[in-house]
Amino acid sequence: MSRKPLGVDKYGVPKVMRAGDYFADSMGQFALNAISGLIGQLTYFYTDKVGMAAGAVATVFFICKIFDAFTDVIMGNIVDHTKPGKEKYRPWLIRMMIPAAIVMIALFTVPTSISEAGQLAYMCFTNLLLSAVIFTAIAIPYSSLQVVRTNSQEERGTIGTWRAAAGYVSGMIIAIGIIPITNALGGTQQAWIKFSVGFSLMVILALLICWLRAKETAVADGVTTEAVVEEEEVLSFGEALSNLFHNKYWVMVLIMGLFTQLSYALSGASGAYYCKWIYGNDNLTGILGAVGLIPTIIGFVVVGPMIKYLGVTKSLRVSFLLGAVVNALRLIDPTNFVYNTALGCVATFSTIPMMCLTGVLTAMSIDYNEYKYGKKMVGTSQAACSFGGKIGSGVGASLIGWCLAVANYDGFAEVLTPAVRQAIYTFSIYIPFALFAFMFIIMMKFDLEKKLPEYRQEIEARKNN
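Residues numbered from 1 in each chain as written. Predicted model: local features only at pLDDT ≥ 70, side-chain atom pairs only at ≥ 80, totals over all residues. Heavy atoms only, no water.

Digging into the overall build of the protein
Scanning the protein from terminus to terminus reveals 16 helices and 2 strands. For the protein, buried positions account for 50% of its 465 residues. The contacts in the protein between residues at least 6 apart in sequence include a share of 82% that link residues at least 24 apart. Counting only carbon and sulfur atoms, one obtains 66% of the accessible surface of the protein, whose full area is about 21,100 Å². (Helix = DSSP H or I, 4+ residues; strand = E, 2+ residues; numbered from the N terminus. Buried < 20%, exposed > 50% of the residue type's maximum accessible area, 1.4 Å probe, protein only. Contact = heavy atoms within 4.5 Å. Areas by Shrake-Rupley, 256 points an atom, 1.4 Å probe, with all protein chains shown as cover.)

Points about unusual backbone geometry
With a phi close to 55°, N408 is a non-glycine residue in the positive phi region. Along the chain, N408 falls in the loop between α14 (378–406) and α15 (418–445).

Details of the environment of K445
Position of K445 relative to the elements: it lies in helix α15. Residues K445 and M252 lie 193 residues apart in sequence; the distance between their C-alpha atoms is 8.9 Å.

As for the nonpolar core
Judged by nonpolar contacts, the single largest core of 108 residues is most densely connected at Y46, I138, Y273, L361, L404, I424 and F446. The element best represented in this core is helix α9 (residues 248–279), accounting for 15 residues. In this structure, Y46 is in contact with G51, M52, V57, F61, L107, V110, M123, T126 and N127, ignoring residues within four places of it in sequence. L244, W250, L254 and M377 belong to the second largest nonpolar core, which has 5 residues in total. (Core = buried A, V, L, I, M, F, W, Y, C linked by side-chain atoms within 4.5 Å.)

Topic: the pattern of salt bridges
Within the structure shown, the criterion is met by 6 salt bridges. One salt bridge connects R163 with D25, and the closest N-O pair in it is separated by 2.7 Å. Pair noted here: R163 is in helix α6 (residues 153–184) and D25 is in helix α1 (residues 19–40), with a separation of 138 residues, a long-range link. Here the two residues R163 and D25 agree in accessibility, since each one is buried. In this structure, E458 and R462 form a salt bridge, with 3.4 Å as the shortest nitrogen-oxygen distance. Of this pair, E458 and R462 both sit in helix α16 (residues 448–464), 4 residues apart, roughly one helical turn. Taking the relative accessible area as the measure of exposure, R462 reaches 39% and is therefore partly exposed. Salt bridges linked by common partners bring D21, R149 and R213 together as one network. (Salt bridge = Lys/Arg side-chain N within 4 Å of Asp/Glu carboxyl O.)

Structure follows, in structure tokens:
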């Protein structure tokens with residue numbers, strides 16, 4: 001029995017994606033977010049379950065992230081140099097499936113019988129292997145599949161929505177479940193290993209499903225056509241990078257991307273410490289994660305109308321100002337669980353617009369590249385922004401450990417010292433407030449959106465001439 005034709009989108013481009021294709025494709029993002037989510041919990045695991053020094057853990061994480069930031073460019077070069085006639089992207093999903101699962105478990109099997117220097121070396125090796133090598137070897141080809149899977153911009157947008165939803169599911173499972181589940185299993189290192197085994201099996205299944213339905217050509221009703229990919233302008237990396245840093249709008253986007261990832265890293269890793277020491281029960285981390293779903297869903301629903309009514313720039317100004325205000329309000333009563341959870345929901349909501357609009361801001365800065373230099377430099381612009389994002393996430397994760405180290409933190413202590421309390425307030429409230437305030441100031445100076453129509457007209461006039 002033949003399947004019903006999918007027809008064309010509103011631009012006349014043939015549709016190729018069915019519900020099963022969207023679901024299978026989204027499983028790749030489920031796997032990636034599962035890996036990054038587990039990595040985000042490692043600071044708490046190393047300090048409070050293994051007993052490693054917070055400052056040393058933070059420094060190792062930062063070193064790992066510096067190396068990690070360079071691997072996107074390297075992996076992109078490897079993929080681009082795949083021999084003609086062979087699949088470039090899909091094979092990496094199946095190649096990295098088993099290694100990803102093994103190293104995910106290895107993260108939590110750090111030996112407790114060896115010296116701290118040995119533990120730090122083990123931690124560094126496993127983190128670099130999973131994040132800088134395996135994660136990147138999945139993420140770069142997987143993101144490229146969206147381009148070659150379909151020629152329809154409408155379907156590409158739907159792919160992005162499915163991916164975001166699947167990524168949130170795996171992220172929320174970790175945020176809500178990891179502390180209560182591991183505590184129910186005994187709260188020991190062995191409990192965390194058991195949790196990682198379960199999640200690694202889910203990653204294998206998710207990548208297998210994605211690989212089975214992934215295609216590197218657009219197939220519409222039995223007709224195969226190559227997806228159209230615009231050729232990048234030939235420009236040396238050094239010259240392109242120099243041009244980018246003379247594009248003030250791209251620099252603004254780079255800084256905001258760095259600050260945004262720094263904020264995400266802090267919020268993802270600080271909750272367990274706040275619940276354990278300020279509220280007195282680390283199981284409340286699960287409740288915070290569950291409640292956080294509400295503003296996240298509302299944010300995704302509201303961001304479309306916000307953009308339509310306010311525009312991109314004003315939507316971000318409003319969200320950043322809102323984030324700064326609610327973090328300042330937390331200082332009134334930082335120990336009240338209900339009060340801070342309610343304000344935390346508003347803070348979570350304020351991060352959604354930037355999450356949705358980072359790509360839009362980057363695209364604006366790329367258009368300005370074309371206006372200013374006559375070249376878009378798409379690949380270099382995206383790679384450099386990714387570099388900034390990874391540095392931000394690395395600094396965010398490390399800041400927690402450094403703050404705790406200054407306060408002489410002991411994960412096995414029974415009494416909260418004033419210094420540790422202030423350290424937790426610093427990475428949970430003070431720094432997020434400063435980040436939102438700085439991003440608001442930057443967006444007040446970002447005036448490209450209203451100028452862009454005029455610039456595009458001039459670009460088009462150049463091409464016509």
